[in-house]
Amino acid sequence: MKNIYLILKVACVVLLMGACTPEEFEQFDNSTVHQDWPLTMNRTGHVVDSVVWYETEENHAKCIYEYDQNNRLKKRTLYITILEQGQVKNKMYVDTLEYDGDRLQKIRVISCTDPYHHSDQLFFYDEEGRLIRSEYEDNVMCFAYRNGCMDSVYFPSDPEMYILLYYDTRGNVVRTLHRLMEYDMLDQPTGKYYTRMYEYEYDNNQRPNFNVDNAFMYEPLFGQGSSYYTFVRMISPNNMTRYSAGPEIWEYEYNERGLPTTMYHQFADVVPTYHPVFRFTYRAVE
């Protein structure tokens, strides 16, 4: 399993809306995607109350989610116990979410092991309430839309780089085409670019609801690492079961409402010794 402690991953990038449209846009028609953007809040009438991941007494984590009177996620508190350099250490991270109306504007991440340091993630929207920009420290990403769904991502730091998104008829991102900068053996840019395609698979059940779908560059579920971009999971209505790189796989158990109660995550052929799973609890909302 990927490192469970890469929990503060916010693979954020921002795209400039004035950038030219790549020719690849014309090679795929997203018109069959359901035209219901932004995603519906309170999809199932239940939001995630807590998530627990347990491997051993020396390696486990628990996350508590708090919501305001409008059922918007306002705080995420993550408790971690980890064995580092022969010592068992306890850590805590707190994400505080700030809104302007129904739009998430800022997330402040504070490590209680270093309370003097914090990081802010910022979100910007268009007049229709669609996320068009996400900023986290030096990482900026922008998003463009067509046929009612987000179809491309650009990086202001390098206008030659981009990501194109391809959907199935349920609205899940099933492929992403990346145009990336080439680097030499000394990790220096060569001035050349290459493309790479990644593929994703899903089940038929709804994802756990944290009520932050519209700000899809924030991943409320800890321990997902950074091998794929957060938005791929967060704008897809179903649960991801496979990612081609690695590959990574996810397995689930569900309750009577079809919501995941457990999630097992494995990276490539690395099988965890104790087969730890994420366990979800929910609470009903009106």
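If you're wondering where the values come from, they're calculated on a predicted model, not measured in any experiment.

Turning next to unusual backbone geometry. Across the chain, the bulk of peptide bonds are trans and the bulk of non-glycine residues have phi less than zero. Here the amide bond leading from G246 into P247 is cis, since omega sits at -5°, within 30 degrees of zero. Although it is not a glycine, N71 adopts a positive phi angle of roughly 65°. Within the element layout of this structure, N71 appears in the loop between β2 (59-67) and β3 (73-84). Its identity is not glycine, yet H275 carries a phi of approximately 50°, on the positive side.

This brings us to the confidence of the model for the protein chain. Per-residue confidence for the protein chain averages 84 on the pLDDT scale, and 84% of its residues sit at or above 70. Across residues 1-28, confidence stays below pLDDT 50; counting only partners more than four residues off in sequence or on other chains, it has 114 contacts. Here residues 32-42 scores under 50 on pLDDT; set against residues more than four positions off or in separate chains, the count is 30 contacts.

Evaluated as defined, the whole model comprises 15 salt bridges. A salt bridge links D95 to R76, with the shortest nitrogen-to-oxygen separation between them at 3.3 Å. Taken together, the positions of D95 in strand β4 (residues 87-100) and R76 in strand β3 put the pair 19 residues apart, joining distant regions of the chain. Each member of the pair, D95 as well as R76, is classed as buried. We note a salt bridge from D213 to R207, for which the minimum N-O separation is 3.2 Å. The same class applies to D213 as to R207, namely buried. It is possible to trace a salt-bridge network through shared partners that takes in E84, K89 and K91.

Now for the nonpolar core. By size, the foremost hydrophobic cluster in this structure holds 62 residues, and its most contacted members are F143, M150, F216 and F231. Counting five residues, the second largest nonpolar core, distinct from the first, contains Y154, Y162, Y166 and L177.

On strand β6 (residues 118-125), burial follows the alternation: S119, Q121, F123 and Y125 on one face are buried, whereas H118, D120, L122 and F124 on the facing-out side are not. Sheet topology note: the strand β5 (residues 103-111)/β6 ladder contains five bridges and is antiparallel. Residue pairing in the sheet places I107 in a bridge with Q121 of β6. Pairing geometry for β6 and strand β7 (residues 131-136), over five bridges, is antiparallel. From the neighbouring strand, Y125 faces β7, where its bridge partner is L131.

Glancing now at the packing of aromatic side chains. With the rule as written, the count across this model stands at 13 aromatic pairs. The interplanar angle of 55° and the centroid separation of 4.9 Å between the aromatic rings of Y65 and F210 together place this pair among those described as tilted. Linking Y65 in strand β2 with F210 in the loop between β12 (189-206) and α1 (230-234), this pair joins segments that are 145 residues apart in sequence. Take Y65 and F210: they sit in the same class, and that class is buried. With centroids separated by 6.3 Å and ring planes inclined at 75°, the aromatic side chains of F143 and F231 adopt a geometry described as edge-to-face. A residue pair is termed long-range when its members are at least 10 positions apart, and F143 in strand β8 (residues 139-146) and F231 in helix α1 qualify at 88 residues. As far as the burial class goes, F143 and F231 line up, both buried. Cluster of aromatic residues (ring-pair linked, three or more members): F143, F155, F216, Y229 and F231. Above the face of the Y99 ring, R72 is positioned so that its terminal group lies 4.6 Å from the ring centre.

Thresholds, definitions, all that
- Residues numbered from 1 in each chain as written.
- Predicted model: local features only at pLDDT ≥ 70, side-chain atom pairs only at ≥ 80, totals over all residues.
- Heavy atoms only, no water.
- Helix = DSSP H or I, 4+ residues; strand = E, 2+ residues; numbered from the N terminus.
- pLDDT = per-residue confidence, 0-100.
- Contact = heavy atoms within 4.5 Å.
- Salt bridge = Lys/Arg side-chain N within 4 Å of Asp/Glu carboxyl O.
- Buried < 20%, exposed > 50% of the residue type's maximum accessible area, 1.4 Å probe, protein only.
- Core = buried A, V, L, I, M, F, W, Y, C linked by side-chain atoms within 4.5 Å.
- Pairing = 2+ DSSP bridges.
- Phe/Tyr/Trp six-rings, centres within 6.5 Å; stacked < 30°, edge-to-face > 60°.
- Lys NZ or Arg CZ within 6 Å of the ring centre and 35° of its normal.

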